[in-house]
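# A look at the structure
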There are 2 protein chains.
Amino acid sequence: MKKTALIMAGGHGERFWPKSRVDMPKQFLSLTGDGKTMIQLTVERIRSLVALEDIYIATNENYRELVRQQVPGIPEENILCEPVGRNTAPCIGLGAVHIAKKYGDALMFVLPSDHLIKYTSIFCQTLADACEVAEQGDSLVTLGITPDAPETGYGYIKFNPEQAEGRAYPVERFVEKPDLETAKNYLASQEYLWNSGMFIWKVSAILDSLRRFLPDMYAGLQRIAQAIGTPEQQAALDREFRAFKSVSIDYGVMEKADNIRCLAGNFGWDDVGSWLAVSRIRKTNEYGNVVSGNVVTVGTRNSIIQGGEKLIAAVGLRDIVIVDTEDAILICDKDSAGDIKKVLENLRICNKYQYL
Amino acid sequence: MKKTALIMAGGHGERFWPKSRVDMPKQFLSLTGDGKTMIQLTVERIRSLVALEDIYIATNENYRELVRQQVPGIPEENILCEPVGRNTAPCIGLGAVHIAKKYGDALMFVLPSDHLIKYTSIFCQTLADACEVAEQGDSLVTLGITPDAPETGYGYIKFNPEQAEGRAYPVERFVEKPDLETAKNYLASQEYLWNSGMFIWKVSAILDSLRRFLPDMYAGLQRIAQAIGTPEQQAALDREFRAFKSVSIDYGVMEKADNIRCLAGNFGWDDVGSWLAVSRIRKTNEYGNVVSGNVVTVGTRNSIIQGGEKLIAAVGLRDIVIVDTEDAILICDKDSAGDIKKVLENLRICNKYQYL
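Residues numbered from 1 in each chain as written. Chains lettered and ligands numbered in written order. Predicted model: local features only at pLDDT ≥ 70, side-chain atom pairs only at ≥ 80, totals over all residues.

Between the two copies, chain B and chain A, the superposition gives an RMSD of 0.1 Å; the rotation angle is 180 degrees and the shift along the axis is 0.1 Å. Taken together, the turn and the small shift mark the pair as related by a two-fold rotation axis. When each C-alpha of chain B is compared by its distance to the rotation axis, Ile331(B) comes out closest, at 4.2 Å. An overlap of 100% is found between the interface residues of chain B and their copies at the interface of chain A, pointing to a shared contact surface. (Least-squares fit on C-alpha atoms with pLDDT ≥ 70 in both. Contact = placed C-beta atoms within 7 Å.)

Time to look at helix H11 (residues 340-349) of chain A. Those residues of H11(A) that fall on the buried side of the exposure criterion are Ile340(A), Val343(A) and Leu344(A). What you see down the axis of H11(A) is that its buried residues fit within an arc of 95 degrees, all on one side. Along H11(A), exposed side chains directed more than 90 degrees from the buried face belong to Arg348(A) and Ile349(A). Check the buried side of H11(A) and you find it contacts strand E17 (328-333) of chain A together with strand E13 (295-298) and strand E15 (311-315) of chain B. Count one or two residues on from H11(A) and you reach Asn351(A), which has phi positive near 60 degrees. (Buried ≥ 20, exposed ≤ 12 C-beta atoms within 10 Å, placed from the backbone. Helix = DSSP H or I, 4+ residues; strand = E, 2+ residues; numbered from the N terminus. Arc of directions from axis to C-beta.)

Moving on, we come to the domain arrangement of chain A. All names here are of chain A. Taken domain by domain, chain A holds domain 1 (3-270) and domain 2 (277-355). On a C-alpha basis, the centroid separation for the pair domain 1 and domain 2 is 30 Å. Taken residue by residue, the interface counts ten residues in domain 1 and 13 residues in domain 2. A breakdown of the residues in the side of domain 1 that touches domain 2 according to their chemical character gives four nonpolar, two polar and four charged. (Domains from an automatic or database assignment. Nonpolar A, V, L, I, M, F, W, Y, C, P; charged D, E, K, R; others polar.)

On to the packing of helix H7 (residues 215-227) of chain A against helix H8 (residues 233-243) of chain A, then. All names here are of chain A. The geometry of H7 relative to H8 is characterised by a closest axis approach of 8 Å and an angle of 170 degrees between their N-to-C directions. Between H7 and H8, the crossing angle belongs to the class labelled roughly antiparallel. Only Gln-233, Ala-236, Leu-237, Glu-240 and Ala-243 of H8 make contact with H7, whose side of the interface consists of Gly-220, Arg-223, Ile-224 and Ala-227. (Axes fitted to C-alpha atoms, helices over the stretch in contact; angles between N-to-C directions. Parallel < 35°, antiparallel > 145°, perpendicular 65-115°, else oblique.)

Bringing the environment of Thr325(B) into the picture now. Residues and elements named next belong to chain B. One can find Thr-325 in the loop between strand E16 (320-324) and strand E17 (328-333). Put simply, Thr-325 and Phe-174 are 151 residues apart on the chain and 39 Å apart in space, counted from C-alpha to C-alpha. If sequence neighbours within four positions are ignored, Thr-325 has contacts with Pro-18, Lys-19 and Gly-308.

Take the pairing of E17(A) next. Among the six residues that make up E17(A), six are buried, leaving the element largely enclosed by the rest of the structure. In this sheet, E17(A) lies alongside strand E16 (residues 320-324) of chain A in antiparallel orientation, the contact comprising five bridges. Considered in E17(A), the bridge of Val323(A) is made with Leu330(A). The antiparallel hairpin formed by E16(A) and E17(A) contains three residues in its connecting segment. Where E17(A) meets E15(B), five bridges bridge the pair, whose relative direction is parallel. Across the sheet, Leu330(A) pairs through a bridge with Ala313(B), a residue of E15(B). (Pairing = 2+ DSSP bridges.)

So, in structure tokens, the structure goes:
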């Protein structure tokens, strides 16, 4: 069966401010230090499984040009610009109707554009195995990550290890981000996986699920589908999309469906959820620091310092994140990385939009 | 008796990097936020006691132009440029021979150029009282600061509270920076004062002491004195000054002399010894921060942030000093303020002289 992919690239990446900006969010940045942006790495990673012309990128009009520049081989009509952000369910539905319009039915990978995967060949093998599962029936297949720590920042997938079907397991339920105690129990039980937000299914299967669980949205998607290739295409998209409720695929479909299978993977996945990820994905030096740019450190440990042209002198610091850009510099305690969004709120209140 | 002053302004102020640079040290900076530099404040403070033409400024050739610009009323011949830095004893000796050459004998204040004094009128009254003591005999008079904390960063003066002569007390000895336990004992005893490094004496008295305790230096100073006003002046200064040993007035004279008196003062003195002083001399906000410039803080407390044009976002910080300048930014834990000099060592090793 034809393999296609929808890469979701509409996010704002506020947690990577000040590198990530409204007009240059995380997925268009290089955070690994190898010069390739996250969306470029995402596309490159699946090239052995999916032809460029079968890769769709969901984003919004503001980022169309960035997508063109960074992923030049993608056909123009595969860049799907959402008129407004409505979370992942409408986004995935939009991708599905476009693929269905072109191919009737096909296998569809749904992939975030801003995660990192260390071991591409293991990842691709897992995707290939997932394709077999998805192709055999009408399952919605999700990739779960075998946890190696009691992470409280991820959602979890409860699976049934007794009922393996090849590499796939039936999913019992999706659970929200747990507290630490619960996460420890999950880890010990060996019956939970991290929810990576990566899916594999037949277009027909996901559309069928949308019809069942989100019928209004499904009807709107059908009207969008009918207009594809007609002069009405943009107007229909605008009208229908704005009317959609904002709903995630997890909440709208995955938590309700009973035909979900998961494959457990160990391919060095990282959701790069905050600046703290830089300590995981880049080499730390003998003092536990990750340092780049024009930086002098004295007695500084376990810190992340991304310098630019201006000399940064870091003295006696512990667990501090410093990120310099042309017009703004962030200095943040690692424990407070979640509060970076408050900086952005503050800047909005003060009308300092140039820094957003 | 004629009142004169020698203001010592040859220091490099490394502890105030990156604002303080080799070509713009601390005494030429405004750290109070009122726009006046420390040397300007020092001159202004004594204007009610000393005429501008009787104020001498000891510095070096690199800072002559800064002195001219910042203290425009000082006669050119009162700017005494040391050919090399040789600590305070030669500096004070040079001032003394210039004043002696002009006036024979006179009262001479010796003042650092980079300290702050909050209560000018109390300070001036103390200086006036010190003049009386110095004029009556041949005492070397020093101003001690009544301690209000067991500071380990200052030298102390042990005085004899039983033998008050008006406001003056005989000094028993000078002691180096103590450890905390010793400092606590000093504070409790009420027989110790902080050594402010400010002196009042007759020129004849200090020259006599230099002759007794540092005879080689005294002889060199006499040769400098003979050359003042002759074509040989600069050559003599260069030759003699380079031959001087580097010695502080405390070590070279004050710790050896037996005719020392001190006056205890409470005039809001601060030696502005490091960036931490900014929390004392400027108003802190409700979070204990002192903030200026283009700064956003979130969950940040007890920190000092001197921003410039670039936006600084400080998130979740405690007790951090941030100082931005055009080409360098310092981010320093308050407990490590003493390690700023290691940054400068590091920059020298890396040949990054442009930042010094």
